[in-house]
Amino acid sequence: MPASLSSGSRTAGFRETLGTFWRVLRANPLSFVGFLMVAIICVAALIIVVAPGLLVPYGPQQETGVFSQGPSWKHPFGTDANSFDIYSNTMLALPLDLGIGFVIAGAALLAGGALGLVAGFYDTSPLGAAASVTIMRITDVFLSFPSLILALAITRALGIGVLPTVFAISLTWWPYYVRLVRGEVLALKHLPYVIAARAAGVREGRILLRHIVRNLLEPIIVYFTLDIGTVLVTYSTIGFIGVASKYPGPQPEWGAMLAYYQSSGSITTTPWEVLAPGLAIFITVLAFSLLGDGLRDILDPRTRRAFVRGAVSHDPPPEPQSVPSSPGTIDGGLDRLPTEGGATG
Amino acid sequence: MTDPVLSVKNLSITYTVGAGTFQAVVDVSLDIQPGRVIGIVGETGCGKSTLAQAIPRLLPEPPASIGSGSITFRGTDLVKVTRRQMPMVRGTGIAMIFQEPLNSLNPSYRIFDQMVEAIQIRHYRELGIVKTFQGGDRPFDYSKRPTPDVASTLARPVLPGGAAEEEVRTRIMSRSEFREEVLKCLRLVRINDPETILNLYPHELSGGMRQRIMIAMALSEKPALLIADEPTSALDVTIQAQVLTLMKDLIDEVHASILFISHDLGVIAETADEVGVMYAGRVVEYGPVDEVFRSPRHPYTKMLLAAAPRKYKADGPLRSIPGNVPNLSRPPSGCRFHPRCPLARPVCKGENPPLAVVDPVVGDSPRGAHRSACYFPEEVPSMP
């Protein structure tokens, strides 16, 4: 048996996982691009947080002395009427916008996911049924409001700023995860392997983790990745309306930038002003969408192994030497069985 | 006659859906002797799967509820065990095999990781780390610690103070020992090259292989009773024959009793010692499989056997039973088969006929009585 497959050695298993990851990415050029884009975006955000000077030549409100100039080598996306460098402002907004995406989608995933698990899994016991109904009706109430309007209203009530907006969007975002997780749990929990585990005496908590949550991860992570893009767009929309953050200010934000440049009425005379923040939103959302698609293939053992097989022609195969029959289905041992007295009745 | 492994008495199960109630199982009694294979046969929706899942209390309650009756296994009435106690009782003697080999293994784990789960539970129970249900006349075997065998006693490190003995007995098995256990189970079900199979995902195996792994998992719990709920229905005939042959071989090796649920008369005839025929939630005929199938004494059994496909077209067109399976929320009065029965008389609409012993037609039955829930069992052999 090949050493890389022995379940005893953990490091070999990790190396195999890494190799599989690489093969799947290589087989899907688009998701590979997405993965690369997300990696670059994250590294760029990190550099801007640690040492902004490396990527950004100017500060957020630093006057360059050049007013309303088009793109040039010195100012890749031009300057605005205040003589601020637009490229610098856009890049400086990256960590905030990315963080907002992760925080809101993450908070919604954790809160909504936990509620969805409870509502889906524990709905047979009397107490659980009551909890399930309560959770789902509250979810319905939230879903019946247009989430953007609700988030706007909450932001207005809490005051202008990044934190109130993040809080407001999170508050309207979790119900989608409740619905998604509950639906998946309801489908999974009656599958024979869950019942078989229960019949073997596996405790409910362990069933929930090993047999339900593990099989939920794939759709949830994919949804989460795609959702980061949606959150960004929503936040930018609220920023565009002008209740999230102020621009120009010490901390730029893409939505607010778009709103400011658009409202200055210069879109026909100085179009580069809106181009940079718009492009930034577009690229980030696209990157996460492409990554989400690729993740689906990596997380599902079925497609994962298919990609590994597809890659056999390039690399030495990791397993098939000792497998007796065709790689599609392995049915060793059948020929050993006595077949006389078959049960055709 | 020894004590039965499992004794079901007057079990009734209803489903409550919305405002309606469905009587899925009515007044079913069943005794399973050690080492015997009991078949349950019937149409889809006759309550046989409900019965199979009710015995280890796996039915979701609600919507299902056990109205009356008892399920006695090793001296414990499983109907009286509370929801909280159930996880301690499960896996201590009743194992299950399911119909769909596609979904009966978790797609996210390799075969080893799935199989080790049940073995771990049993092991922890043997060590007393995990609590086991205590109750009934005969407590479960796992409450007792296993006695160390000679090899492990010799391998024990000699330490002063007698601490070593306790150490050896309560030691948790290492990963490689678990691996050996899993391999042993896989070899038991005649899997070729188990070391490779261990590291594969379920989708990489064929249906027959998956079903054999399910059997291996069920046997790894060392059950006294194996409930097989249509284990071969989703397989094609050649694989079906192999799995059935395997199960028959294993009966002798592992000394388990089997409750075999199927809609396939041929499969039941091949495997079971005794058979119960179910119709609309009731057992209508029960007896040794040869006798029930050779000389049925209930019109439903007779018509069911006549409806089974033959090998040749020349035997004439397939026969079907006129009418439909009754709606279980409003079952017919009296005998539930009377609206479709050619022998029906007014008396059939009154009381439900009891499951009474009929006179053996073909010689004396050495294996217990042949029972039929019909008022006119003697007229059945002369039915067209």
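Being a predicted model, the structure only gives us computed values, none of them experimental.

Draft legend 1. Examining the packing of helix α7 (residues 192–199) of chain A against helix α8 (residues 204–241) of chain A more closely. Residue and element names in this part refer to chain A. The N-to-C vectors of α7 and α8 enclose an angle of 160 degrees; their axes lie 10 Å apart at closest approach. Put simply, α7 runs roughly antiparallel to α8. When you trace α7 past α8, the crossing you get is right-handed. Taken together, the residues of α8 that come into contact with α7 (itself represented by Tyr193, Val194, Ala197 and Arg198) are Glu204, Ile207, His211, Ile212 and Asn215. The residue inventory of the contact of α7 with α8, partitioned by class, reads 5 nonpolar, 2 polar and 2 charged.

Draft legend 2. Summary view of the sheet that holds strand β12 (residues 371–372) of chain B. All names here are of chain B. One open sheet holds the 8 strands; their spatial order is β6-β7-β8-β3-β9-β10-β12-β11, and the pairing between them is mixed. Either end of the sheet is taken by a strand with one partner, and the two such strands are β6 (94–97) and β11 (356–357). In terms of strand pairing, β11 meets β12 through 2 bridges, oriented antiparallel. Counted as the bridge partner of valine 357 is arginine 371 from β12. Sitting on the sheet, helix α9 (residues 237–254) touches β3 (37–41), β6, β7 (225–229) and β8 (257–262), and the angle it makes with β8 is about 155 degrees.

Draft legend 3. Broad picture of the packing of helix α3 (residues 86–121) of chain A against α8(A). Remark: α3(A) packs on α8(A), axes separated minimally by 8 Å, with the N-to-C direction vectors making an angle of 145 degrees. Crossing angle aside, the handedness with which α3(A) passes α8(A) is right-handed.

Draft legend 4. Looking closely at the sheet that holds strand β4 (residues 64–73) of chain B. Residue and element names in this part refer to chain B. Here we have 4 strands laid out as an open sheet, ordered β2-β1-β4-β5, and antiparallel in their pairing. Edge positions in the open sheet fall to β2 (20–32) and β5 (76–77), since each of these has one partner strand only. Two elements, strand β1 (residues 6–17) and β2, share 9 bridges in a ladder whose sense is antiparallel. Counterpart to serine 7 in the pairing with β2 is aspartate 31.

Draft legend 5. Spotlight on the pattern of salt bridges. Using the criterion set out here, one finds 13 salt bridges over all chains in the structure. One salt bridge connects A:Arg137 with A:Asp140, and the closest N-O pair in it is separated by 3.0 Å. With a gap of 3 residues between them, A:Arg137 and A:Asp140 both fall in helix α4 (residues 126–144), about one helical turn apart. Accessibility expressed as a relative area gives 25% for A:Asp140, which makes it partly exposed. Of the charged contacts, one joins B:Arg36 and B:Glu274 as a salt bridge, the two residues approaching to 3.3 Å between their closest N and O atoms. With B:Arg36 in the loop between β2 and β3 and B:Glu274 in strand β9 (residues 274–279), the pair connects residues that are 238 residues apart, well separated along the chain. One salt-bridge network, in which partners are shared between bridges, spans A:Arg137, A:Asp140 and A:Arg179.

Draft legend 6. Region of interest: the nonpolar core. Membership of the largest hydrophobic core comes to 105 residues, with the highest contact counts inside it found for B:Ile213, B:Leu225 and B:Leu259. Looking at this core element by element, the count peaks at 8 residues for helix α8 (residues 207–220) of chain B. Within the second largest apolar cluster, 55 residues are counted, among which are A:Leu92, A:Ala93, A:Ile100 and A:Trp173.

Draft legend 7. Inspection of unusual backbone geometry at higher detail. All names here are of chain B. If you check the backbone angles, arginine 57 has positive phi at about 55 degrees while not being a glycine. For aspartate 193, which is not glycine, the phi torsion reads 55 degrees and is therefore positive. In this structure, aspartate 193 sits in the loop between α6 (175–188) and α7 (194–197).

Draft legend 8. Summary view of the confidence of the model for chain B. All names here are of chain B. Across chain B, the average pLDDT comes to 77, with 83% of residues at or above 70. Confidence drops under a pLDDT of 50 for residues 136–169, and excluding neighbours within four residues, the segment shows 41 contacts in the predicted structure. Scored as a complex, the prediction yields pTM 0.76 and ipTM 0.78.

Draft legend 9. The packing of aromatic side chains, seen in detail. The full count for this structure, using the stated rule, is 10 aromatic pairs over all chains. When the centroid spacing of 5.2 Å and the interplanar angle of 80 degrees are considered together, the rings of A:Tyr177 and A:Tyr223 count as edge-to-face. With A:Tyr177 in helix α6 (residues 162–188) and A:Tyr223 in helix α8, this pair connects stretches of sequence that are 46 residues apart. Given a relative accessible area of 30%, A:Tyr223 falls into the partly exposed group. Between B:Tyr279 and B:Phe337 the ring centres are 5.0 Å apart and the planes differ by 85 degrees, which places this aromatic pair in the edge-to-face class. Highlighted residues: B:Tyr279 in strand β9 and B:Phe337 in the loop between α12 (299–307) and β11, separated in sequence by 58 residues. Counting every residue linked through ring pairs, the aromatic cluster contains A:Phe102, A:Phe224 and A:Phe288. Above the face of the B:Tyr109 ring, A:Arg210 is positioned so that its terminal group lies 4.3 Å from the ring centre.

Draft legend 10. Structural context of the confidence of the model for chain A. All names here are of chain A. The pLDDT averaged across chain A works out to 78; a share of 83% of its residues lies at or above 70. The lowest-confidence element of chain A is helix α11 (residues 301–310), averaging 60 in pLDDT; the highest-confidence one is α3, averaging 91. Between residues 1–9, whose pLDDT stays under 50, and residues either more than four places distant or in other chains, the model counts 27 contacts. In this model residues 310–345 is a low-confidence stretch, pLDDT under 50, and it forms 66 contacts with partners more than four residues away in sequence or in other chains.

Draft legend 11. Spotlight on α8(A). All names here are of chain A. For α8, with 38 residues, the first-to-last C-alpha span of 48 Å runs short of the 56 Å given by 1.5 Å per residue. The largest bend along α8 reaches roughly 40 degrees and is located at valine 213. Glycine 242 sits one or two residues past α8 and shows a positive phi near 100 degrees.

Draft legend 12. Up close: the side chain of A:Ser147. Along the chain, A:Ser147 turns up in helix α5 (residues 147–158). Apart from the residues within four sequence positions on either side, A:Ser147 is in contact with A:Thr172 and A:Tyr176.

Draft legend 13. Inspection of the state of the cysteines at higher detail. Residue and element names in this part refer to chain B. Using the criterion set out here, one finds 0 disulfides over all chains in the structure. Residue cysteine 46 stays outside any disulfide, its sulfur separated by 14 Å from that of cysteine 335, the closest cysteine. We classify cysteine 46 as buried; its relative accessible area is 3%.

The rules behind these values
Residues numbered from 1 in each chain as written. Chains lettered and ligands numbered in written order. Predicted model: local features only at pLDDT ≥ 70, side-chain atom pairs only at ≥ 80, totals over all residues. Heavy atoms only, no water. Axes fitted to C-alpha atoms, helices over the stretch in contact; angles between N-to-C directions. Helix = DSSP H or I, 4+ residues; strand = E, 2+ residues; numbered from the N terminus. Parallel < 35°, antiparallel > 145°, perpendicular 65-115°, else oblique. Left-handed = near helix turned anticlockwise from the far one by under 90°. Contact = heavy atoms within 4.5 Å. Nonpolar A, V, L, I, M, F, W, Y, C, P; charged D, E, K, R; others polar. Pairing = 2+ DSSP bridges. Salt bridge = Lys/Arg side-chain N within 4 Å of Asp/Glu carboxyl O. Buried < 20%, exposed > 50% of the residue type's maximum accessible area, 1.4 Å probe, protein only. Core = buried A, V, L, I, M, F, W, Y, C linked by side-chain atoms within 4.5 Å. pLDDT = per-residue confidence, 0-100. Phe/Tyr/Trp six-rings, centres within 6.5 Å; stacked < 30°, edge-to-face > 60°. Lys NZ or Arg CZ within 6 Å of the ring centre and 35° of its normal. Expected span 1.5 Å × (residues − 1). Bend = angle between axes of the 7 residues up to and from the residue. Disulfide = S-S within 2.5 Å.

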